Amino acid sequence: MPLPDSGVETHTVDGLRAWLTDCVATHLDRPADAIDTSVRLSDYGLDSLYVLAVAAELEDHLDISLDPTLMWDNPTIDALSEALVAELAQTHV
Amino acid sequence: MTAPTTTPDTVTNRLDLLLASLGGPGLPFSAETLAELDRAETFPAEACAFLDAFGLRRYYVPVEHGGALGDFSAVMTMLRSVSRADLTVAASHGKTYLGAVSTWIAGEPEAARRLGERITHGETVSCALTERDHGSDLLAGEVTARLAPDGGWLLSGEKWLINSATRAGLVTVLARTAEAGGPRGFSLFLVDKSRLPAGTFSCLPKVPTYGIRGADISGIAFHDAPLPEDALIGAVGQGVETIVKALHLTRTGCAAMSLGAGDQALRLAAEFTQGAQAGTIPLARRPYIRRELGDAAAGLLLADAVGLVAMRSVHALTGEMSVVSAVAKAFVPSAVDEIVARLLQLLGPYGLLGAGDPHGRFAKLERDHRIIGIFDGSSLVNRNALIEQFPRLVRAYRKGRWDEAGLAEATGPHVPLRPFRSDALSLLSGDGASVVAGLADAVAQVRAIASAPLAALTERVLDATGRLHEEMAQVRFAPRAVPAHAFDLAERYELCFAAASALHLWVRTSPAGGDETWLRGCLVKALTELGDKVDDTELDVLDDLADALVSRPPGTFRTLLDHLGQAGPADSREATAS
Ligand SMILES: Cc1cc2nc3c(=O)[nH]c(=O)nc-3n(C[C@H](O)[C@H](O)[C@H](O)COP(=O)(O)OP(=O)(O)OC[C@H]3O[C@@H](n4cnc5c(N)ncnc54)[C@H](O)[C@@H]3O)c2cc1C
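It should be emphasised that the depicted structure is a prediction, and the values quoted were computed from it without experimental measurement.

## What about the interface of chain B and chain A?
Facing 16 residues of chain B, the contacting portion of chain A comprises 18 residues. Here chain B packs against chain A, burying approximately 1600 Å² in sum over the two surfaces, 58% of which is carbon and sulfur. If you look at where chain B meets chain A, you find four salt bridges. Of all the secondary-structure elements, those providing two or more residues to the side of chain B that touches chain A are α7 (239–275) and α12 (390–399) of chain B. Per element, the largest residue contribution to the side of chain B that touches chain A is three residues, and it comes from α12 of chain B. Split by residue class, the side of chain B that touches chain A holds eight nonpolar, one polar and seven charged.

Structure, rendered in structure tokens:
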């Protein structure tokens, strides 16, 4: 559920990209600078089901409900950041 | 077509009457006939034909596509009834729903209408996901569909260990449509064998199996089989998503089938312990045997609570089915497997006798039921699915967030169900599990109306659930490395879910001062399995359940619904055994 105080303004593509990179790095137990945001998450071993766990954290972070297939349709951090910003813009209209 | 408006209960009653009437000597649902078919590994064609004539197939087709499926709990209750009589028949006949469900979820309305027509006219539909080297891992499949140069698709590869692959005229096939695979790399096709040129497909030999021996468990191989464009179900790349959602429904159906087998096991054991004499005291009156029977009765009621809430949740908590169906499929078949194994001990040597002996039914039931915990996603695969959702479940539980209206409908057995909407299915539940998150609220209500001992039991369930969520919150894992202890937590989660289901059902049906026996039985059983200390006086309720079990007329079944104050006379739903 969208909450009014979720701080929409702060969610830029760059901000989300940085957050996602940290999140993925934590899951993979690697430094954030070892993550290439244009590489498919599955190439890092984050398979289709596991990647849904990232979706759960994203929901927490953004305080919205996401369709988990967003993770499947946008398989890189770059694509996902763009899609999320679009999604957030829609949710908060 | 104006279908007669029959309430679900009366259709189920009619089916129960039909099954009973076909259970006499020499008839297709008699134990002897079914045992003989099993021994000969022969398909129960006659029994299936009677179910066709009854119109059971119409309940596999949603009303909007020309069938009679409106209320999922009705069709699942019917499958439970058939399963009581014979799991081979239930798995073989019910398979058509599994084969069709992807089209109901993702197919074009016109394709769904055509499929509905084929099904009601008698066509069997199979669903082929598994391959020789790949089962649970859907993304490993090698069967491939390539775009054909002149339109349509060319399908190649082999699906194996598939129920009804040979007998079915239509097969839903999951095939790789992007070389790299991945969650968007697979698509579903409805393959019509009658439209394939000779030589482009071949059915594989029947595979001998441990149980359900008469079923058509085989496979199918495709050799550049040309499929028309409209064979595609939904969009290219939508296959895995559709199947995962379809499994939310079919796994719930598997739980219903499992409960049918549990009903029969309990009935056979009760009748055996009343009839057999050890010395002069009937077995059922010996304290140990009585306790075992009571334990089994409590275990089945607890599983029944999960099954009942799960099938109502299909309508009422649709978006939570990723959790609910995983609990139902992991918990119910495991619980029934365990009940059957323990009752088998009670029967002693008689549990091991084969066809020909009146007690041979029990051994057949044990063999037949074992498959339910394996196909359509094993207990482990479902526990794995639960573990993947731990973070969301913990979050919703801690926030005390649940869908109040949905929960009231899912756990109010007499509340009319809203229409099912397949577009509300979700790969992951956004709301966690309302059944569990709403537990504290239900416990508070129990406190107001229940006896002190019952209220105390419910408080302990709530404590155990709270502690469990703290442990669940600690689980962290790298991709594909779910730690072993998380599976224990998943099992405990199932028990908390089951106890919560029973509690909600009781709160919504029992006036203050009403019967508490069945609920106390469920909670005592759940707490024992959770490792909570349950004292002797609390365990006495199991003996009450055993006495109720052995005192009912031979050949009758009593499900949890019968305890929940039906609108009519309490025993009106008791079916006569086949
Ligand atoms: C009688 C019968 C009928 C069947 N009918 C059909 C049908 O109609 N259509 C169809 O497509 N398939 C059907 N199957 C196949 C069945 O669904 C598969 O056997 C099942 O999915 C398991 O796949 P697998 O055999 O490849 O084992 P695997 O997937 O290799 O699993 C092996 C073991 O590992 C466990 N396991 C797997 N993944 C995990 C995990 N993530 N975490 C923990 N443990 C795990 C499993 O529980 C199992 O114990 C049928 C099977 C039988 C026996």
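Okay, back to it.
## A word on the nonpolar core
If you look at the biggest cluster of nonpolar residues, it comprises 199 residues, and the most contacted ones within it are Leu343, Tyr493 and Trp518 of chain B. Those residues within four positions of Leu343 of chain B in sequence are excluded, and the remaining contacts are Ala265, Leu266, Ala269, Leu293, Ala296 and Phe362 of chain B.

## Observations regarding the UniProt feature "domain: Carrier" (unreviewed entry) in chain A
As recorded in UniProt, the feature "domain: Carrier" (unreviewed entry) lies at residues 14–88 of chain A. Overall, residues 14–88 of chain A shows 59% helix and 0% strand. The separation of its end C-alpha atoms is 14 Å.

## Section: the UniProt feature "domain: Acyl-CoA dehydrogenase/oxidase N-terminal" (unreviewed entry) in chain B
Sites flagged by UniProt as "domain: Acyl-CoA dehydrogenase/oxidase N-terminal" (unreviewed entry) map to residues 33–123 of chain B. Across residues 33–123 of chain B, helical content stands at 69% and strand content at 0%; the span's end C-alpha atoms are separated by 24 Å.

## What about the site of the ligand?
Residues and elements named next belong to chain B. Neighbouring residues of the ligand: 20 residues in total, closest Lys95, Leu129, Thr130, Ser136 and Ser378. Separating an oxygen atom of the ligand from a side-chain N or O atom of Ser136 is a distance of 2.5 Å. Here an oxygen atom of the ligand and a backbone polar atom of Asn163 are 2.9 Å apart. Only β1 (125–128), β3 (153–163) and α11 (379–388) provide two or more residues apiece to the shell around the ligand. A class-by-class count of the residues in the shell around the ligand yields 11 nonpolar, seven polar and two charged. Each of domain 2 (126–236) and domain 3 (242–573) accounts for three or more of the residues forming the shell around the ligand.

## Side note on the domain arrangement of chain B
Residue and element names in this part refer to chain B. Parsing chain B into structural domains produces domain 1 (8–123), domain 2 (126–236) and domain 3 (242–573). Taken over C-alpha atoms, the centre of domain 1 sits 23 Å from the centre of domain 2. The partner domain 2 presents 23 residues to the 21 residues of domain 1 that form the contact. Across the domain 1/domain 2 interface, buried area totals approximately 1700 Å², and carbon plus sulfur atoms make up 56% of it. Put simply, domain 1 and domain 2 have two salt bridges between them. Measuring nitrogen to oxygen at the nearest pair gives 3.7 Å for the salt bridge that ties Asp230 to Arg114. Linking domain 1 with domain 2 are seven residue pairs in polar contact (both at pLDDT 80 or more), by the criterion used here. Mapped onto the side of domain 1 that touches domain 2, the elements with two or more residues apiece are α5 (87–106) and α6 (109–120). Residue contributions to the side of domain 1 that touches domain 2 peak at 10 residues, all from α5.

Conventions and cut-offs
- Residues numbered from 1 in each chain as written.
- Chains lettered and ligands numbered in written order.
- Predicted model: local features only at pLDDT ≥ 70, side-chain atom pairs only at ≥ 80, totals over all residues.
- Heavy atoms only, no water.
- Contact = heavy atoms within 4.5 Å.
- Buried area = accessible area lost by both parts, 1.4 Å probe.
- Salt bridge = Lys/Arg side-chain N within 4 Å of Asp/Glu carboxyl O.
- Helix = DSSP H or I, 4+ residues; strand = E, 2+ residues; numbered from the N terminus.
- Nonpolar A, V, L, I, M, F, W, Y, C, P; charged D, E, K, R; others polar.
- Core = buried A, V, L, I, M, F, W, Y, C linked by side-chain atoms within 4.5 Å.
- Buried < 20%, exposed > 50% of the residue type's maximum accessible area, 1.4 Å probe, protein only.
- UniProt positions renumbered as here; feature names shortened; annotations may be inferred.
- Near = heavy atom within 4 Å.
- Polar contact = N/O pair within 3.5 Å; in protein donor to acceptor, adjacent residues only side chain to side chain.
- Domains from an automatic or database assignment.

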